[in-house]
Amino acid sequence: MTRVSAPETRVLVSGATGRMGRRVIEEAAARDDVRVVAGVSRDLSGEISGIPVEPAGEFGVVLAEYDPDVLVDFSVPEASREFVADCAEANVACVVGTTGFEADEFAEDEFAEGGEAALREASEQVPVLHASNFSRGIQALLRAVEGAVRDLPGYDVEITESHHRHKRDAPSGTANAILDRIESAGEFGGRVHGREGESLRESGEIGVHARRAGGIRGEHELLLANEHEELRLTHRAGSRAVFADGALDAAVWLAGRGAGRYDFSEVVAE
Ligand SMILES: NC(=O)C1=CN([C@@H]2O[C@H](COP(=O)(O)OP(=O)(O)OC[C@H]3O[C@@H](n4cnc5c(N)ncnc54)[C@H](O)[C@@H]3O)[C@@H](O)[C@H]2O)C=CC1
Ligand SMILES: O=C(O)C1=N[C@H](C(=O)O)C[C@H](O)C1
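Residues numbered from 1 in each chain as written. Chains lettered and ligands numbered in written order. Predicted model: local features only at pLDDT ≥ 70, side-chain atom pairs only at ≥ 80, totals over all residues. Heavy atoms only, no water.

- Looking at an unreviewed UniProt entry, one finds the protein named 4-hydroxy-tetrahydrodipicolinate reductase, with Haladaptatus litoreus as its source organism.
- Database annotation for the protein, UniProt heading Subcellular location (unreviewed entry): "Cytoplasm".
- Taken verbatim from the UniProt record of the protein, the Subunit (unreviewed entry) comment is "Homotetramer." (UniProt positions renumbered as here; feature names shortened; annotations may be inferred.)

1. Considerations on the site of ligand 1
- By nearness alone, 22 residues border ligand 1, and Thr17, Asp43, Thr99, Phe134 and Lys167 come closest of all.
- Here methionine 20 contributes a backbone N or O atom positioned 2.8 Å from an oxygen atom of ligand 1.
- Taking threonine 99, its side chain carries an N or O atom lying 2.5 Å from an oxygen atom of ligand 1.
- Within the complex, the protein chains bury 83% of what would otherwise be the 870 Å² of accessible surface of ligand 1. (Near = heavy atom within 4 Å. Polar contact = N/O pair within 3.5 Å; in protein donor to acceptor, adjacent residues only side chain to side chain. Areas by Shrake-Rupley, 256 points an atom, 1.4 Å probe, with all protein chains shown as cover.)

2. A look at helix H3 (residues 77-90)
- Across its 14 residues, H3 extends 20 Å between first and last C-alpha, which sits within 8% of the 20 Å expected from 1.5 Å per residue.
- Inspection of H3 places Pro77, Ser80, Phe83, Val84, Cys87 and Ala88 among the buried residues, and these make up the whole buried set. All buried residues of H3 lie within an arc of 140° about the axis, which places them on one face of the element. Exposed and oriented more than 90 degrees from the buried face of H3 are Glu82 and Glu89.
- The secondary structure elements touched by the buried residues of H3 are strand E1 (9-14), strand E2 (34-41), helix H2 (59-66), strand E5 (70-73), strand E6 (93-96) and helix H4 (117-122). (Helix = DSSP H or I, 4+ residues; strand = E, 2+ residues; numbered from the N terminus. Expected span 1.5 Å × (residues − 1). Buried < 20%, exposed > 50% of the residue type's maximum accessible area, 1.4 Å probe, protein only. Arc of directions from axis to C-beta. Contact = heavy atoms within 4.5 Å.)

3. Brief notes about the site of ligand 2
- By nearness alone, 13 residues border ligand 2, and His163, His164, Lys167, Gly173 and Thr174 come closest of all.
- At 2.6 Å, a side-chain N or O of histidine 163 approaches an oxygen atom of ligand 2.
- Class assignment of the residues belonging to the shell around ligand 2 gives a composition of one nonpolar, nine polar and three charged. (Nonpolar A, V, L, I, M, F, W, Y, C, P; charged D, E, K, R; others polar.)

4. Considering unusual backbone geometry
- In the segment running from alanine 170 into proline 171, the intervening peptide bond is cis, with an omega of -10°.
- With phi around 50°, aspartate 67 is a residue other than glycine that occupies positive phi space.
- Locating aspartate 67 in the fold gives a position in the loop between H2 and E5.
- You can call aspartate 67 exposed: its relative accessible area is 53%.
- Phi at asparagine 91 is positive, roughly 60°, even though this residue is not glycine.
- Secondary-structure assignment places asparagine 91 in the loop between H3 and E6.

5. A closer look at the domain arrangement of the protein
- Each assigned domain of the protein is listed here: domain 1 (9-134 + 241-269) and domain 2 (136-236).
- Placing the centre of domain 1 and that of domain 2 at their C-alpha centroids yields a distance of 27 Å.
- Taken together, the contacts link 17 residues of domain 1 with 15 residues of domain 2.
- Summing the contributions of domain 1 and of domain 2, the shared interface buries around 1400 Å²; its carbon and sulfur component is 47%.
- Taken together, the links from domain 1 to domain 2 amount to two salt bridges.
- With a closest N to O distance of 2.9 Å, arginine 168 and glutamate 78 form a salt bridge.
- Our count for the contact surface shared by domain 1 and domain 2 stands at four residue pairs in polar contact (both at pLDDT 80 or more).
- For the side of domain 1 that touches domain 2, the elements supplying multiple residues, two or more each, are H3, helix H7 (241-254) and helix H8 (264-269).
- In terms of residue count, the dominant contributor to the side of domain 1 that touches domain 2 is H8 (three residues). (Domains from an automatic or database assignment. Buried area = accessible area lost by both parts, 1.4 Å probe. Salt bridge = Lys/Arg side-chain N within 4 Å of Asp/Glu carboxyl O.)

6. Observations concerning the confidence of the model for the protein
- Averaged over every residue, the pLDDT of the protein is 93; residues scoring 70 or more account for 93%.
- The model gives residues 104-108 a pLDDT under 50, and that stretch makes 17 contacts with residues more than four places away or in other chains.
- Overall fold confidence (pTM) sits at 0.95, and the ipTM for the predicted complex is 0.99. (pLDDT = per-residue confidence, 0-100.)

Encoded structure:
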């Protein structure tokens, strides 16, 4: 019997010269379900690991020339918005990993009123999946966070995230997603970003702390504590491969779906 294998998903990578873009290209080379047809970058025209890299300023031309099924975007919000809008016109699905959009773009329903307009608008024409973190461990953490907050009402809640010195947005997109999950699971008074000077902790506040140092790939810790006990839920990414592979899994999963918004939890559930 002749086995017909599923066709490869054709992927275009934006932010191709960045830490994540390069990693996506490397990880894709080791898989047989995806093929990166090209990258786009504002920094370089040429190639990375044999994959052509085209100027980001000619994104529309690149879409027409390479005819990808899915865009995988790890860039910056101001570029990402443009890429996604062009993809909607060209009927190309979008997997967006970029973080640092406006604060309320990370609400549980990030496409709701006040959310990221470019993603919401594009999702009316093509499938769009945005995730602040493509690791499966973080999906498990988000579920654990919800359970812990429900089970421990009245406990003080603090989040600490640590990333490499080059990270531009703070708190991380993942920390914002954890915050949304905490607030949907319990009654809280507000977020307090860092502390200095004299101010007593108020009950119900959520402390948020961002550290930037060296090459840390990404660590997130949720601390719940009362006078008698502490619960710490920690996720540590050991390599960017975990994010790149998750984004490629999302691209394969998203290709061929109808217009709309999708969540990485749906990819993980299958
Ligand atoms: N969702 C997830 O699992 C993950 C998300 N990220 C997010 O991905 C994004 C990129 O992270 P890194 O690769 O570390 O950043 P990076 O700084 O190494 O790369 C950014 C890329 O975007 C490009 N770029 C910057 N400004 C541009 C513009 N105006 N027009 C076109 N291209 C532009 C740069 O040339 C570069 O290729 C960040 O928002 C980061 O938080 C990072 C890791 C995992
Ligand atoms: O910039 C990074 O590196 C990362 N960014 C994402 C975020 O902002 O949460 C995901 C991961 O933590 C790495």
